[in-house]
Every structure is written in structure tokens, then in C-alpha cells.
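Each chain, written out:
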Amino acid sequence: MKIARSLFRGSLLAYTALFFAFIYIPLVVIAVYSFNSNPVNMMTWTGFTTEWYAQVLGFKTTVSENALYIESTGQLIQAVWNSLVIATSTTLIATVFGTAIAIGLYRFNFLGQRFYRVIMFMPMLMPDIVLGIALLIFFVNSGISLGLTTIIIGQCTFLISYVFIVVSARLAGMDRTLENASADLGADEWTTFRRVVLPQLLPGIVGGALLAFIISMDDLVITYFIAGVDVTTLPMFIFAMLRRGIKPEINAIAVMMLTFSFVVASLGLYLRFRQK
Amino acid sequence: MSIASRRRVQLAVLLGPVSLFLAVFFLGPLAIMMVTSFLAPGLYGGVEWTFYPHNFGRILGFADPMFEDFDPVYIAIFIRSVKIAALTVFAALLVCYPAAFCIARLSERWKNFCLFLITLPFFTSLIVRLFVWVLILRQTGLVNEMLLSSGLIARPLDLIYTDGAIILGMVYVFIPFMFMPVYASVEKLDWTLVRASLDLGAGPIRTFWRIILPLTAPGIVGGAIIVFIPALGNFVVPAILGGAKVMMLGNLIEQQFLAARNWPFGSALAMMVMSVMLVLLLVYVLASGRRGADATLNR
Amino acid sequence: MQDSIVRLEGASKTFATPEGGSVTALDAIDLQVRRNEFLTLLGPSGCGKTTLLQVISGFVELGGGRILIDGEDMTDRPPYRRPVNTVFQNYALFPHMTVGENTAYALEVAGVAKAKRREQVAAALKMVGLEGMEGRRPRQLSGGQQQRVALARAIIARPKLLLLDEPLSALDKNLRQAMQIELKTLQHELGISFIFVTHDQQEALTMSDRVAVLSGGRIQQLDTPRAIYDHPVNSFVATFIGASNLFDGRIDGDRLMTSDGTEIRHRRTPSAASGAATALIRPEQFFLEDGDERFPTLDVDLEAIVFVGSTFELFGRTRAGRKIIAEIPAGRRNLIGDIERTRRARLAYDPAAVHLIQPCAEA
């Protein structure tokens, strides 16, 4: 019996180790092979190079004949810039809207509140492609020309949901008697909100904003449908490159993006888990 | 101003602008899409403003006799998409469920660290995570290179551009979606109940089926739904790992909009995806409402 | 100068239940709280005591009637404009503020200057025995310390009235008893009225100047602890406070006859000459008959004899099957020995100690 149990324990532990290996080994592999000098067969190691990084970042070093260069570093930078502009605007709008609605639904009781709450979950659960084409039809029919504006509006529809959920969760965890205590001690509604509700809500708002920013930076499907012909975002840029064929430069871009988001997300998550 | 009317003003300020925004830019587009799905496709891409049920007919078996005979290819794609999404859910559950048990019993520090590791990839680019699997699975990819050089196979295997590749890719990107709800119910599981069951003479297997599984079912169902919905209409994963060979609903819809320019038919397909989502959501809300455990929707 | 600090006149409140019905939480309550009084609201859960407290603090609007605090009508005033502070059941300390900031909160929102605030915070914390703890966070404190912070925070603005909503219920027994005495001392030092809500009768009897027993949204009895214990006005109060033996019956001269033929003697009073009434005998009013025939007795078959330290508790039935509970001082062991052998006891009582409850006082 004892042996059976420890055997079970051991296999569960091994399984979990495999689980993490499944998640992380592919990422390690790509990181290592992004330094492979083989321009054609990226998974056959021929030597160490930083050439692909250099080319992505715009300072080409050696030009080997087989190398297939990315179109231009300028396009990549433009795509990154677009993504940042979009993510910043959507984060701002979605955070204000999502927080407002979370507070509204928390503070007040009104008819149809439960229904409202379910509606607020819908944009998040709606499959990307459905929302993407619905927005495309809508914008084309209403004569709004596709571009940055339509992307920002389109992303906001579902990012509001995410912020709403994160802030709502924070509100739900809050002790309502604290507001009563504040009123009891002589603070009016506004003072209570400013001094008691908001400080406790802040981590939720920041968390929601961070989530919105990251999802906005990463959104491909909805943006893809409503971007029009002139605007390209970073995920769209990579998607287009992938569809044309795999080149070592994509590898380098991928690793740089992974590193960037790992650092940012690690910081954010670390702070959150520490707080708990 | 009375307290009641001041509260009404506050409520209007908080909810008004957002409601208007979502009504115009969320519900509005969905309504227009619904209308479009019942319009006739124009000859050169546009729509004709006549009631035309044959967009759904092409999928469900009553195609417009003026243009074509019914071709079951669309319903086949629909069924195939449902099948792939269901297999994704099953595989993701198989991957996450045992790990959730292991992690739930770790110490607080390790628990948090593991959750951190699982959440982390969610914050990195989806497309990059999928691209990694292209490098691993393709003909000249890591797996084939390793197998070839070790002499186990003579010709590269067809790994990429298969149903299996799509399922693998979707499981990979949806792991956090499945893991978190499953883990939440596994962690809440009261182990004294398991001990009680063993004490009352049930073996480990019976205890699993009669106690552990039913008690963690809410998490499993929740995870299944939030993996199934995006998997069903997914278009990025099949586009990258399925190549041109494997057609799923998502790609079909994309094709109708960007290549074939048959918007009404594309809208009808999207309506099908959306109705599956709404039905699942409704079932979940009703079921959890009956259990009285609708904590997810009702703060 | 008026002699009541709080006056409720016909205070009523009904709540709608989720099922569509309604519950009467307060049923036209009239209540006057005196200056410098320690008043306890006592009752089972759902009796309306918490609602009554919230009506005074302003968190529940009255459905009918009005409330005056220090002579001013407060019925329509929001909580933050009432000269009343509350110690909440779970303390409700702001987790994002230090002990000092928590304590200073009422002064801060009232616009008191910083230096003055610091001084008063120090004084308030000293008063509750938490000197120098200003910099701590609430979650670094023990339950008892959090309790004291909540207290300091509530008294710092010198309210005319302090409300305490079951503040001791989360503390363990020893700490609770210590706090009971401290609260009483504090009330004397501050010289303000305390309204204390509890469901613990022992706590109510120990601390209060007066106790209001609530049930069904009404005040059943409002009196000193001793009066409530010795002379409950109805059988609800009699059974809710302390253990009791109740005998329903008809009065006939100086005896009360129950329907099962039990006879209870009592001291004849002019007001209780005849008619239906209930006789109350507290368990400790019984003693063991030892041959002296001066007192009336009840013969009881014992079912259990429980030693609880200072006393023996006897559980038994009369011949007619009526349950009787009695408490005998443990000093009289020789008599207990006999009883334990025979399992029977002759319980005597003094007719002067029998309290008669008139049916008209029944709620």
C-alpha cells in the first residue's frame, strides 16, 4: 500500500514535470536556435551567430547569399509603433470604461443588473472571428474608413470586458462595511470613495490595465479584419511573414518579443503574487 | 437634490457612456451581421437587400437551386471543427487535470511559483508561441531532424499541416484557460471527503469517480467551455499549423470575407459559431444558477 | 437639558424578502436612551437589534417614526452627519491605512489640523492601551488589538453616543471577559452613552445599566439586569435570560394550579388575586428539603445529576411528567449522596421567590 502510494505520488510529480517541460521546452528551443547561423535549415546547427538579430534591428553585418532578408526594418518599426499607439489608447479607454461599469454594477442595485452582468461577459467570450467580421461589416456599412480609429474602437469592445472582470473581482473581495465605517466616522460619499474605495481598488485597476495592454498588443484576429490596407500591427506583420515563408529573422523577432513580454509580465505577476 | 435622484444621476454617469459605446460598437455590429446573413450575396461582392435564407441553406441542406446543388462540404467542415475543438478540450483536460492535483498539494510558495509559470506564457505573443511549433513540427523541423539524424526514419514524417498539429497548437495556447478553472476547483476540494470515502470502504478508483470527479466537475465544465468556444471558431492556429490542407470554420469564414467576398455567407457561418457559443453559455448559466454557485457571474 | 440622548418614536422598518414577502424588523419601537448610560440590546438573531442599531447610526432609513439624538431630529440625516460612531462587528479597519491613520480618520475628514490630530491619536491609543502602535498595519495586530484600534477610532471624535455591534463576539472567552470590564471602565471615563448589541445574555447582564430584550421587532422588556432576571414580564424574557422552570396555570388565592395538577405556592399580591398566570422558579431557587416543613416542595424523579463545579444540576420530572431543572450548591454533598442513591428528590422553594407573570404582559 505504501509503495503503491509513493509510486502514485512519484508518477504524478513526473507528469507535472512533463507538463512544465511541454510549456517551456519549445520556448527554450527557439531561443537557442535563434543564434544558429544556418540560413536555410534553421534546425540544423551550423554555428553561432547574432546576424539575424543584427538584421532585424537594422544594422546588417554580413550578407550571405542564401539569406532571405526581411522586407525592411522600417516596416517592422512602423508596425511596433502602431501596436504601441493602439495599445496605449485602448488601454486608457477600456480602463476608464471597464472600471466605471464595474463600480456602477457594484454600488447600485437596479432592475436587470444580473442581465447586465452577463452582457458584460459576452464580448470576452465572443469568438474573435465573429466579432472581427461583425465589426468589419459594421464599419464598411457605416462609411467609417478602416484604420487606426477602427482598430482602437474594435479592440475596446472586448477589452472593456477584461478590465470589468478584473476590477469586479477586486470589488467583490472588498469589505463593504469599510464604507459604512468611513461614513460613520464622518466622511461623505466622495471622501469615502477617494480615501477608502479607490486605494483598495487601485491594484485591480492597474492589473486590468496591464491585461488590456498585453491583450491589445497581441490581438491578431479582430485587428486583422478591421485594420484596412494601410495599417499593420506587430502581430499582423509576423503573421504575414509566416504566411510567406519561414526565415531566420522571424526567429530573432520572436525571441525578442518573448523576452520583452516575459520581463514585463514577470514583474507584474511577481508583484501580484507577492501582494497576496 | 434628493438622495434617490442623486444616485440615479451617479448611475447614469457611470453606466451611460459605456452602455452607449457597447450598444453601438458591440451589439450594433452583431445585429448588422445577423441581418447580413439573411441577405443575398451580390454578384461583385456587395449584398442585395432581399430576404435570402439560402446562406444558411448552403450549410444546412437547402441551397439556392438557382445556383448550386447542396454540397455537404460546409456541414462537413462544421462537424470537423466541432470534432477538433472537442478533441482539444479533451486533450487540454488530460494535460491539466493531473498537474492541477499535484500543484494543489504543494506548499504555498511552490504553488504560487507554479501558477506564475503557467500564467506567464499567456502574456507572451500567441503568434510567436505558435510559430515555435512550426519550427518543431515541419519537414525540416526539430523533431524530423532529430529522428533523421538518429537513423530512426529515412524520410521526414508529416507532422505539420495535420489535425493533430492543430490540436497540439490549440492545447498549447489554451493551457492557462483550462488549467485555471480546473485548478480552482481542485484546490477547493475537501480532502477529508476523500478520506471519508476511503474509510467507508470505497477503493481509490471508485473514490475518484464518485467523489473527486463530481466535486471538481464545475471547474472541468467551466474550463471546457472557455476552451471550446475560442477553439471552434479559431482561425490563426489552422492558418499557421494547418496550412491549406486542413480547413476549419475560422478559415472558411476568413476566406468568404477576404477572398470570395461573399459576406452574407460568411455572416451565416459566423452566426452558426455564435449560436453554439450562446447555447453553451446559456446552459452553463442555467446549470450554475440551479446549483446556486454562479459565483463567476454574480460577483 | 434633556435627560435622554436618543429618542426613538414609533420607529418602524420592514424589509422585502427575496421571495417577495416582507419581514418586520422594527415594529413601532419607542425607546429612550439616557445620558451616560450603558444600554444593551439583547435578543436572538433576527430580532431586530442590529437593524435598531443601524437606524441610530443612519445606515438604515426608517420606514416610519422618527429618531432624535440630543434633541435634534436625525431621521433624514446621512450617517456621516450624525454625532454617533460605531465599533463594527468585524472591526472594519481600513487595511490600506496604518493604525494611526485609521484612528485619525474621523478627525482628518473633519478637517482637524495635523499636529492636533497626532496629539489626539496618541491620547486615544493610550486610552485603549496601544501606545506607540501608530505605525503598525491592522493585519499585523491580534484580534484583541484590532478591537482596541476600532474602539480608539470610534471614540476619537468624541461622539455623543457610541454604538457597539457585537464587538466581542470574535474574541476568545478570556479576552472577552477582560474586554467587558475595560469597556465598562472606558464608558465611565468618557462619560458618554454606549449602546451595545449582543446575543450573549451573560455579557448583557454583566455590563449593562439597562438591558432591552428584543424579539419580533419589539422591545419585550427594558430594565436593569437584575429586574429583568428576577421579574421578567413574559415567558419569552424568562426563558431567553437564564434557565427557568415555568408553570402555566390558574391562580387560586396563594397558589397556582396547573392543568396537570401541580401546585405552586406564591406570595399573595393584590394584583394577582385570580385568573391565568405563569409562575417562574429559577433553578437556583430550589433547595433540598431536609426535614424542615416550612417550605412547599415538589417531588421529582431524577434523570440526570450533573456536577459542574460550584453546583450540581439536577434534571428530573414531576410525577405528572413535567420537566424540572434545579441547581444545588456543591457544598451540600451529604444530601447529594442520598439523592444519587434513590434517584428521587424533594425540592423545596420559598413562595416569596416565585415570580408571577401576568398573561396581559405577554407579547
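So, how was this worked out
Residues numbered from 1 in each chain as written. Chains lettered and ligands numbered in written order. Predicted model: local features only at pLDDT ≥ 70, side-chain atom pairs only at ≥ 80, totals over all residues. Contact = placed C-beta atoms within 7 Å. Helix = DSSP H or I, 4+ residues; strand = E, 2+ residues; numbered from the N terminus. Domains from an automatic or database assignment. Nonpolar A, V, L, I, M, F, W, Y, C, P; charged D, E, K, R; others polar. UniProt positions renumbered as here; feature names shortened; annotations may be inferred. Buried ≥ 20, exposed ≤ 12 C-beta atoms within 10 Å, placed from the backbone. Expected span 1.5 Å × (residues − 1). Arc of directions from axis to C-beta. Pairing = 2+ DSSP bridges. Axes fitted to C-alpha atoms, helices over the stretch in contact; angles between N-to-C directions.

A. Local environment of the interface of chain A and chain B. With 65 residues of chain A at the interface, the matching set in chain B holds 66 residues. The biggest single contributor to the side of chain A that touches chain B is helix α1 (residues 2-33) of chain A, with eleven residues.

B. Spatial organisation of the domain arrangement of chain C. Residues and elements named next belong to chain C. What the domain assignment lists for chain C is domain 1 (4-235) and domain 2 (243-361). Computed from C-alpha atoms alone, the centre-to-centre distance between domain 1 and domain 2 is 39 Å. Contact with domain 1, which involves six residues of that partner, is made by six residues of domain 2. For the side of domain 1 that touches domain 2, the per-class residue count stands at two nonpolar, three polar and one charged.

C. Fine view of the UniProt feature "domain: ABC transporter" (unreviewed entry) in chain C. When the UniProt feature table is mapped onto this chain numbering, "domain: ABC transporter" (unreviewed entry) sits at residues 6-241 of chain C. The span residues 6-241 of chain C is 36% helix and 27% strand, and its two end C-alpha atoms sit 26 Å from each other.

D. Local environment of the environment of C:Ile67. Residues and elements named next belong to chain C. Within the element layout of this structure, Ile-67 appears in strand β4 (residues 64-69). Owing to 22 C-beta atoms within 10 Å, Ile-67 belongs among the buried residues under this scheme. Sequence separation of Ile-67 and Ile-56 is eleven residues, and the distance between their C-alpha atoms is 7.3 Å. Among residues more than four places away in sequence, those in contact with Ile-67 are Leu-8, Ala-11, Val-55, Ile-56, Leu-62, Met-74 and Thr-75.

E. Representation of the interface of chain A and chain C within the structure. Each partner contributes residues to the interface: chain A has 15 residues there, and chain C has 17 residues. Elements represented by at least two residues in the side of chain A that touches chain C include exactly α7 (177-184) and α8 (189-218) of chain A. Of the residues forming the side of chain A that touches chain C, the biggest block, six residues, is contributed by α7(A). Its residues assigned to classes, the side of chain A that touches chain C shows seven nonpolar, five polar and three charged.

F. Region of the structure containing the arrangement of the chains. Highest in contacts among the two pairs of chains that touch are chains A and B. The closest approach of any C-alpha atom in chain B to one in chain C is 9 Å; the two make no contact.

G. Seen up close, helix α4 (residues 113-125) of chain A. Residue and element names in this part refer to chain A. Look at α4: 19 Å from first C-alpha to last across 13 residues, which is about the 18 Å you get at 1.5 Å a residue. Among the residues of α4, those classed as buried are Met-120, Met-122 and Pro-123. Viewed end-on, α4 has its buried residues packed into an arc of 140°, placing them on one side of the element.

H. Layout of the pairing of strand β11 (residues 245-252) of chain C. Of the pairings in the sheet, the one linking β11(C) to strand β12 (residues 255-258) of chain C comprises four bridges and is antiparallel in character. Directly across from C:Gly249, in β12(C), lies its bridge partner C:Thr258.

I. Inspection of the UniProt feature "transmembrane region" (unreviewed entry) in chain B at higher detail. Residues and elements named next belong to chain B. UniProt records the feature "transmembrane region" (unreviewed entry) at residues 12-40, 73-101, 113-136, 165-186, 207-229 and 265-287, using the numbering of this structure. In residues 12-40, helix accounts for 86% and strand for 7%; the two terminal C-alpha atoms are 41 Å from one another. Structurally, residues 113-136 is divided into 75% helix and 0% strand, and its ends, taken at the C-alpha atoms, are 27 Å apart.

J. Here's a closer look at the sheet that holds strand β19 (residues 344-348) of chain C. Residue and element names in this part refer to chain C. Strand order across the open sheet formed by five strands is β15-β19-β16-β17-β18, with antiparallel pairing between neighbours. A single partner strand is all that each edge strand has here, and the edge strands are β15 (287-288) and β18 (323-329). With seven bridges joining them, strand β16 (residues 297-307) and strand β17 (residues 311-318) adopt antiparallel strand pairing. Paired with Asp-301 across the bridge in β17 is Arg-317.

K. Structural view of the sheet that holds strand β6 (residues 84-87) of chain C. Residues and elements named next belong to chain C. Taken together, the six strands give an open sheet; going across it, the order is β6-β7-β8-β3-β9-β10, and neighbouring strands pair in mixed fashion. Edge positions in the sheet fall to β6 and β10 (218-223), since each of these pairs with one other strand and no more. Going across the sheet, the axis of each strand differs from the next one's by a mean of 20°, ignoring polarity. Bridge count between strand β3 (residues 38-42) and strand β9 (residues 210-215): four bridges; the pairing is parallel. From the neighbouring strand, Leu-41 faces β9, where its bridge partner is Ala-212.

L. The pairing of β19(C), seen in detail. Residues and elements named next belong to chain C. The alternating pattern of β19 places Ala-345 and Leu-347 on a buried face and Arg-344, Arg-346 and Ala-348 on a face that is not buried. Of the pairings in the sheet, the one linking β15 to β19 comprises two bridges and is antiparallel in character. If you follow Phe-287 over to β19, its bridge partner there is Ala-348. Note: β16 against β19, five bridges, orientation antiparallel. The residue bridging Asp-299 from the neighbouring strand is Arg-346, located in β19.

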